[in-house]
Amino acid sequence: MNQELLMKLSECVEFGKINLASPYPPTMKGQPGADEYTKEALEAGAQPSEILDELVAAMGKVGQKFTENKIFVPQMLLSAKAMSAAMAHLKPFFASGAVQRKGTFIIGTVFGDLHDIGKNLVAMMVEGAGWEVIDLGIDVKVEKFVEAVQQHPGAALGISALLTTTMVNIQPVIEAVKAVSPDTKIIVGGAPLSAEFAASIGADAYGKTPQDDIVWLDTLIA
Amino acid sequence: MQTWKTNFEETKQHYLNWWNHKGIVLTMWEHLQKDGAPYADVAAPAPHKDMNQFWFDPQWRADYLHYTMSRNSYMADILPVANTQLGPGSLAATIGADLEGREDTIWIRENAGFDGNIRFDENNKWYQLHLDLLKACKAKAQGNYLVGCPDLVEGLDTLASLKGPDNVLMDMILDPDRTLEQLQAINDVYFKVFDDIYDIINVDGEMAFCYFSIWGPAKTSKLQCDISIMISPEDFRIFALPFLKQQCDKIDYTLYHLDGVDAIRHLDALLEIENLSAIQWTPGYGQPQGGSPQWYDLYKKIIAGGKSIMANWVTLDELQPLLDNVGNQGLHINVDFKSEKEIEQALRIVEKYR
């Protein structure tokens, strides 16, 4: 019974079925979504950690399909929404310590830049991969990044920029964060960035797609 | 029209040819300062008090533009056009988004209270600013240069400015009918605002756009759908193509701004727009720029599809190979000029192909 529910839940996340009311995908219209199946699975006695594993695996498939251009951002957003709907039921178990996240990931768009779509996508996908995400928002000043890193020791940091004029603002953030917390691992991303640029400003990694961030974060805890 | 550009008639002919998929336009992105004396003794305006004045004070900005226009070079096909941009996508501000002027750009801030209805209000302060700025610039220009059409932007990009890109992308799937209604409403507002602007800035029917170095003998615009890098070709055909077609049908001369490698997947759909005149290619940061051999096949495909091309940030040493490989019919080349001497060098190369 639990296995069947978990399989349905996995499908909901993979194909972006948020809840009963959601009309997408058309083939699942009128059926329960990730919201209902998670609730049902918990009531049926499924372990929260089992559910989380299922969700993470489903989001892994989503990330892979996105990387291969089999799906695009709208479909990925709906999968992430379905994931969030499921995660809402697991929150009490995270709070009690019954389920452990992989770690904490702080993310923000660098100061001077008000774009948020790329940052939001990465935040949703990383959360879906089992990490706690602290989203600092857009136009984030150096001090706010530093403060967040100090408040969350051991957290990894992601910094986003979408413009050539604002990508240069990432380096002062990296320098300030490394000055107070040299061991903090930092990944950067955004349309104008490259692996070479990331290396030149002292970042530990460059993420071209959300999946790159997830793969890199997993190496930190391997 | 007697402007500060002495060879404007020749340049106009180059543009007319180019819109008709013939010949070469040689120009640059915006301007560089001319050598020698300015065209007129124009005093510099007092320094701007803050970024609000720099961007949003019509009189100060008209004075500033008049000063810079009196000192720009208009060699080759560089256009005498004052850049009146009010942010990349200022149409959104006329229907509820907000503008925020900063040092390097104007940001379009989404409308937190957007209720899904696209409403145009003649009293909207940003709409009024568009009109006030253009009128002030036109009065100052006195026919010495053209006043460019601000970078309005349309379609999905404008909807994203109103309610955020995430919401637009999800609504395309969750509420496609409503999204299509909103896109039609945006196009309706676009035509109203564009026509109002055209009425102010046109000179004998001619107009120019603030960016992308385009001039036309009638209504002329740059079109785009930057958010298309995030959507499938199927969704582009549903949510972008019909509205772009409407624009191309109503506006006499149109240039589509194809931005980024991930946007190339929509090229086949764009080439199906019968009345689209030209396509501009922006490779994006981290990619070889417009003169690179990497894009020759892309340019050839666009030309074979019956559209003219615009290649941007071409370097001097890339110019001749570009012409040799892509041909000399329907090319608008923006060279990254640093001086008038470089313009002369480029002209010597291009003359051999005209």
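As the structure is a computational prediction, the values presented were derived from the model and not from experiment.

**Things to note about the domain arrangement of chain A**
Residues and elements named next belong to chain A.
- By domain assignment, chain A separates into domain 1 (2-96) and domain 2 (104-220).
- Placing the centre of domain 1 and that of domain 2 at their C-alpha centroids yields a distance of 26 Å.
- The interface is formed by 16 residues belonging to domain 1 together with 10 residues belonging to domain 2.
- If you sort the residues of domain 1 by the area they bury against domain 2, Met59, Met76 and Leu77 come out on top, with a joint share of 31%.
- Applying the counting rule to domain 1 against domain 2 returns 0 residue pairs in polar contact (both at pLDDT 80 or more).
- If you list the elements that add at least two residues to the side of domain 1 that touches domain 2, you get α3 (48-67) and α4 (73-96).
- With 9 residues, α3 is the single largest residue contributor to the side of domain 1 that touches domain 2.
- Residue composition of the side of domain 1 that touches domain 2, grouped by class: 11 nonpolar, 5 polar and no charged.

**Some details on the sheet that holds strand β9 (residues 253-259) of chain B**
Residue and element names in this part refer to chain B.
- Strands sit in the order β1-β12-β11-β10-β9-β8 across an open sheet of 6 strands; the sheet is parallel. Edge positions in the sheet fall to β1 (24-27) and β8 (220-224), since each has one partner strand and no second. With strand direction ignored, the average angle separating the axes of adjacent strands in the sheet is 20°.
- Two strands pair when backbone bridges link them, and β1 and strand β12 (residues 331-335) are joined in this way by 4 bridges, in the parallel orientation. Following the sheet pairing, Val25 is matched in β12 by His332.
- Strands in contact with helix α12 (residues 296-304) are β10 (278-282), β11 (308-314) and β12; relative to β11, the strand with the most contacts, it is inclined by about 155°.

**Side note on the interface of chain B and chain A**
- Facing 18 residues of chain B, the contacting portion of chain A comprises 27 residues.
- Its largest share of buried area at the contact with chain A, chain B owes to B:Trp107, B:Ile173 and B:Tyr285, together 32% of the area lost on that side.
- Connecting chain B to chain A are 1 salt bridge.
- A salt bridge links A:Asp139 to B:Arg102, with the shortest nitrogen-to-oxygen separation between them at 2.7 Å.
- The tally of links between chain B and chain A comes to 4 residue pairs in polar contact (both at pLDDT 80 or more).
- Residue assignment for the side of chain B that touches chain A shows that the elements contributing at least two residues are β4 (106-109), α7 (165-174) and α9 (233-239) of chain B.
- With 6 residues, the top contributor of residues to the side of chain B that touches chain A is α7(B).
- In the side of chain B that touches chain A, the residues fall into 10 nonpolar, 1 polar and 7 charged.

**Observations regarding the sheet that holds strand β1 (residues 104-109) of chain A**
All names here are of chain A.
- If you trace the 5 strands from one edge of the open sheet to the other, you get β2-β1-β3-β4-β5, paired in parallel fashion. With partners counted over all chains shown, the strands left at the sheet margins are β2 (132-135) and β5 (205-207), one partner each. Taken pair by pair, the neighbouring strands of this sheet meet at an average axis angle of 25°, ignoring direction.
- Across 5 bridges, β1 lies against strand β3 (residues 156-160) in parallel orientation. Within β3, the position partnered with Gly108 by the bridge is Ile159.

**As for the nonpolar core**
- Counting 180 residues, the largest nonpolar core has B:Leu156, B:Phe236 and B:Tyr256 as the members making the most contacts within it.
- The element contributing the most residues to this core is α4(A), with 12 residues.
- Of the domains in this structure, domain 1 (2-96) and domain 2 (104-220) of chain A are the two that each give at least three residues to this core.
- If sequence neighbours within four positions are ignored, B:Leu156 has contacts with B:Val168, B:Met172, B:Leu183, B:Cys225, B:Ile227, B:Ile231, B:Phe239 and B:Ala240.
- Membership of the second largest hydrophobic core comes to 26 residues, among which are A:Val140, A:Ala155, A:Ala161 and A:Ile170.

**A word on the pattern of salt bridges**
- Under the defined criterion, the tally for this structure stands at 27 salt bridges over all chains.
- The closest approach of N and O atoms between A:Lys178 and A:Asp204, which form a salt bridge, is 2.8 Å. Here the residue A:Lys178 occupies a position in helix α8 (residues 170-180), and A:Asp204 occupies one in the loop between α9 (195-200) and β5, the gap between them amounting to 26 residues.
- Residue A:Asp204 is classed as partly exposed on the basis of its relative accessible area of 35%.
- Among the ionic pairs, B:Glu122 bridges to B:Lys192, the shortest N-O distance being 3.1 Å. Placement of the pair is B:Glu122 in the loop between β4 and α5 (125-141) and B:Lys192 in helix α8 (residues 176-201), with a sequence separation of 70 residues.
- Within this structure, A:Asp139, A:Lys141, B:Glu100, B:Arg102 and B:Arg109 form a network of salt bridges that share partners.

**Quick notes on the side chain of A:Thr38**
- Mapped onto the fold, A:Thr38 is located in helix α2 (residues 34-43).
- Residues contacting A:Thr38, with those up to four places away along its chain left out, are A:Leu9, A:Ile51, A:Ala86 and A:His89.

**Some points on the pairing of β11(B)**
Residue and element names in this part refer to chain B.
- A large share of β11 lies buried, amounting to 6 of its 7 residues.
- One crossover worth recording links β10 to the parallel β11 by way of α12, and it is right-handed.
- Note that β11 and β12 share 4 bridges and pair parallel. Note that in β12 the partner of Ala311 across the bridge is Ile333.

**Side note on the environment of B:Leu162**
Residue and element names in this part refer to chain B.
- Locating Leu162 in the fold gives a position in helix α6 (residues 155-163).
- Classification of Leu162 by relative accessible area gives buried; the value is 0%.
- For the pair formed by Leu162 and Ala112, sequence separation is 50 residues and the distance between their alpha carbons is 8.1 Å.
- Sequence-distant contacts of Leu162, that is, excluding residues within four places in its chain, are made with Ala92, Ile95, Gly96, Ala97, Glu110, Asn111, Phe114 and Ile118.

Reading the values: the criteria
Residues numbered from 1 in each chain as written. Chains lettered and ligands numbered in written order. Predicted model: local features only at pLDDT ≥ 70, side-chain atom pairs only at ≥ 80, totals over all residues. Heavy atoms only, no water. Domains from an automatic or database assignment. Contact = heavy atoms within 4.5 Å. Buried area = accessible area lost by both parts, 1.4 Å probe. Polar contact = N/O pair within 3.5 Å; in protein donor to acceptor, adjacent residues only side chain to side chain. Helix = DSSP H or I, 4+ residues; strand = E, 2+ residues; numbered from the N terminus. Nonpolar A, V, L, I, M, F, W, Y, C, P; charged D, E, K, R; others polar. Pairing = 2+ DSSP bridges. Axes fitted to C-alpha atoms, helices over the stretch in contact; angles between N-to-C directions. Salt bridge = Lys/Arg side-chain N within 4 Å of Asp/Glu carboxyl O. Core = buried A, V, L, I, M, F, W, Y, C linked by side-chain atoms within 4.5 Å. Buried < 20%, exposed > 50% of the residue type's maximum accessible area, 1.4 Å probe, protein only. Right-handed = clockwise from strand over helix to strand, strands pointing away.

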